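Coordinate inspection notes
If you want the building blocks of each chain, they are given just below.
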Amino acid sequence: MMNKITFHVPPLMWNQFQKAMLANKRKNEEVIGFFFCDRHKLTKRHSRYLPQAWAVPGPDCYEYQTASGLVLKQQFHLYLLETYLKRGLDVVHVHTHPGRSAPHFSSIDDSHESEYARFLSTAIKRKPRLISGIFDESLHQPNFRLWNRKGTEVKPVEFYRSWFEIAKATSSNDETELMFQRQAVFGDKFQKQLAQMKVTLIGCGGIGAVFAEMLGRLGVRKWVLVDSDRLETTNLNRMPGATWEMAERQLPKVEYVKQLIKQIYPTGSGVRAIPENVESETVKAEIGASDLIVIATDNHYSRQIAQELAHANSRPLLCLGTHIDIAPNGKPRMYCRVTLPPLGGNWCLMCGNIINLQRAALETAPRAIAQAAVGYIEGINDPAVFWLNSICASTGVGVVQGMLNGFLKIDSGLDWIYQFPESQWRKTDTDYLINSGCYFCGN
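Residue positions are counted from 1 within each chain, in the order its sequence is given. Reporting of local features is limited, given that this is a predicted model, to residues whose pLDDT is at least 70; pairs of side-chain atoms are given and counted only at 80 or more, and all residues count toward the totals for whole chains, interfaces and linings. Heavy atoms throughout the structure, all of them, feed into the side-chain values; hydrogens and water do not.

1. A look at the environment of Gly-270
- Think of it this way: any DSSP run of H or I at least four residues long counts as a helix, any run of E at least two long counts as a strand, and we number them from the N terminus. Residue position: Gly-270 is located in strand E12 (residues 270-274).
- The partly exposed category is assigned to Gly-270, whose relative accessible area is 32%.
- On a C-alpha basis, the gap between Gly-270 and Lys-258 in space is 9.5 Å, while along the polypeptide they are twelve residues apart.
- By the convention used here, residues are in contact when the closest approach between their heavy atoms is within 4.5 Å. What Gly-270 contacts, discounting residues up to four positions off in sequence, is Arg-221, Lys-222 and Trp-223. Only protein chains enter the accessibility calculation, which uses a 1.4 Å probe; a residue is then buried when its area is under 20% of its type maximum, exposed when over 50%, and partly exposed in between.

Listed below in structure tokens is the structure:
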């Protein structure tokens, strides 16, 4: 089996990079740009490269720039070396070839890149790897490869303008499906990407069910549903489409949400319902093959496991949650929180105080110990209402759409908190969440 190497650039970052490249390209002349990446070894046969920074040299950085080739000034190479490469980041350098046909590497490309790959492995202690890429002059058709450290062999690299490993959508003259005509404003490519995505949803309760219903109707058809709970009468105030009959026979929540998806797509969907806890081996295997992990549970232990699995598999993790309590003046306070840690690390759910390891440990303790430790009151559960869950779930769906369309800046992650009755969204400055000593994501 051939090794799989993938290179992912979030849509907004790619748009910025592409504009900078085109702005510095004069007529019929090649142009070059650089990405600097963290490398994630997902399995023995799959490595993923995620950019942490990019640079496009201006016209004054070139010794010469022509239609047949280009040479950068030594000062610019030194800048890249000191700023990025000595940090241990791998480098992707991208240049264009004239014309709009599918590009191919030239013998000159082979010679220069081979020499550069050897230089990186001998001159820099951390031995960064070199990925090279070429595009046509409009930066639409790509061709990428990874050099070995000796500069003697290359392997193909799959390029995605997304965090997700979804096939590149091709243009089509077919009419948009009737179901999605009202959202055609977002483009045919967006709709095809949704149809190709595979989402693992952990927690099929009041938030997870609404999220699945909404994202399903937006266009996602491939799901892995994880929850060991069953429907009860107390769920009926916040589970769309749930019936008394379902609660009476204690239908597994994953089967209930599966029915929601199947009602949208009687054919053409793929839904795996797993009525188990998140730490099961079945769940771990499915997460590795998913494009997005969504955690919508109400306990710290499941968030901890989901965070560890997302980090191990280098998958984006979207966390959804709500909270209701009573203020000292007797008035209710209601919150929902939507959090998306950055895929490459820097901060995570624990950095944002969404995971408490002590609470997570108590949740796995014997019931009597857990009850005594948290002051458990029999029959009193966390309050929840449908409309607050819906705000949280629908915002989460909007974040997914923003990730695909590229109109949300997610490179540094996001953390949004809605507060009612003030009806305000508060957006965390994620720079304050970065924690190099974190249990999960610290370096």
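So that's the structure; there's more coming.
2. Some points on the pattern of salt bridges
- By salt bridge we mean one thing: a side-chain nitrogen of Lys or Arg within 4 Å of a carboxyl oxygen of Asp or Glu. Per the stated rule, a full pass over the model turns up 17 salt bridges.
- Salt-bridge contacts for Glu-137 lead to Arg-100; the nearest nitrogen and oxygen are separated by 4.0 Å. Of the two residues, Glu-137 is situated in the loop between strand E7 (130-135) and strand E8 (142-147) and Arg-100 in the loop between strand E6 (90-96) and helix H3 (107-123); the sequence distance between them amounts to 37 residues.
- For Arg-100, a relative accessible area of 57% corresponds to the exposed category.

3. Focus on the side chain of His-93
- For His-93, the position within the fold is in strand E6.
- Its relative accessible area of 9% is what places His-93 among the buried residues.
- Apart from residues no more than four positions distant in its own chain, His-93 is found in contact with Ile-32, Gly-33, Phe-34, Glu-113, Tyr-116, Leu-130, Ile-131, Ser-132 and Gly-133.

4. Here we look at the pairing of E6
- The buried fraction of E6 amounts to seven of the seven residues, a majority that puts the element mostly inside the structure.
- Across six bridges, strand E2 (residues 32-43) lies against E6 in antiparallel orientation. Across the sheet, residue Phe-35 finds its bridge partner in E6, namely Val-92.
- In this analysis, strands are considered paired if DSSP registers two or more bridges between them. Two strands pair when backbone bridges link them, and E6 and E7 are joined in this way by six bridges, in the parallel orientation. Directly across from Val-91, in E7, lies its bridge partner Leu-130.
- Look down the strands so they point away from you; if going from the first strand over the helix to the second traces a clockwise path, that crossover is right-handed. Since E6 and E7 lie parallel, the crossover through H3 that links them has a hand, and here it is right-handed.

5. Focus: helix H2 (residues 74-83)
- Considered for burial, the residues of H2 that qualify are Phe-76, Leu-80 and Leu-81. Buried residues in H2, looked at end-on, bunch into an arc of 140°, giving them a common side. Those residues of H2 that are exposed and angled more than 90 degrees off the buried face are Gln-74 and Gln-75.
- Where H2 is buried, its residues contact E2, strand E3 (46-55) and strand E5 (70-72). Comment: arc refers to directions from the helix axis out to C-beta atoms.

6. Concerning the sheet that holds strand E1 (residues 4-8)
- Taken in spatial order, the seven strands close into a barrel running E1-E3-E2-E6-E7-E8-E9, and their pairing is mixed. On average, each strand axis in the sheet is inclined to that of its neighbour by 30°, with strand direction left out of account.
- To define axes, lines are fitted to C-alpha atoms, for helices over the stretch in contact only, and angles between the resulting N-to-C directions are given on a 0 to 180 degree scale. Here H3 sits on the sheet in contact with E6, E7 and E8, set at roughly 40° to E8.

7. What to know about the pairing of strand E14 (residues 317-326)
- Bridge count for strand E13 (residues 292-295) against E14 is three bridges, and the pairing is parallel. Residue pairing for E14: Val-294 is matched across the bridge by Leu-318.
- As defined by bridge partners, E14 adjoins strand E15 (residues 332-340) across eight bridges and the pair is classed as antiparallel. Residue pairing across strands places Leu-320 opposite Val-338, the latter belonging to E15.
- Adjacent in sequence and paired antiparallel, E14 and E15 are bridged by five residues, among which Gly-330 carries a positive phi angle near 90°.

8. Section: unusual backbone geometry
- Between Phe-420 and the following residue, Pro-421, the backbone shows a cis peptide bond with an omega angle of 15°.
- Here Pro-421 lies in the loop between strand E16 (414-420) and strand E17 (424-427).
- Backbone geometry at Ser-423 places phi at a positive 55°, although glycine is not the residue there.
- Its place among the elements puts Ser-423 in the loop between E16 and E17.
- Classification of Ser-423 by relative accessible area gives partly exposed; the value is 43%.

9. Some remarks on the nonpolar core
- In this description, a nonpolar core means a group of buried Ala, Val, Leu, Ile, Met, Phe, Trp, Tyr and Cys residues linked to one another through side-chain atoms lying within 4.5 Å. Judged by nonpolar contacts, the single largest core of 61 residues is most densely connected at Phe-211, Trp-223, Tyr-256 and Leu-318.
- Among the elements that make up this core, the one with the highest residue count is helix H12 (residues 386-405) (eight residues).
- Once residues within four sequence positions are removed from consideration, Trp-223 is found in contact with Val-199, Leu-201, Phe-211, Ala-212, Leu-215, Gly-216, Ile-261, Gly-270, Val-271 and Arg-272.
- In this structure, Ile-32, Tyr-84, Tyr-116 and Trp-147 belong to the second largest nonpolar core, which totals 44 residues.

10. Section: the sheet that holds strand E11 (residues 222-226)
- Strand order in the open sheet formed by eight strands is E12-E11-E10-E13-E14-E15-E16-E17, with mixed pairing between adjacent strands. At either margin of the open sheet sits one strand with a lone partner, and together these are E12 and E17. For this sheet the average axis-to-axis angle between neighbouring strands, irrespective of direction, equals 15°.
- Pairing geometry for strand E10 (residues 198-202) and E11, over five bridges, is parallel. By the bridge assignment for E11, Val-199 is matched with Trp-223.
- Where helix H5 (residues 206-218) meets the sheet, its contacts fall on E10, E11, E13 and E14, and the angle it forms with E14 comes to roughly 135°.

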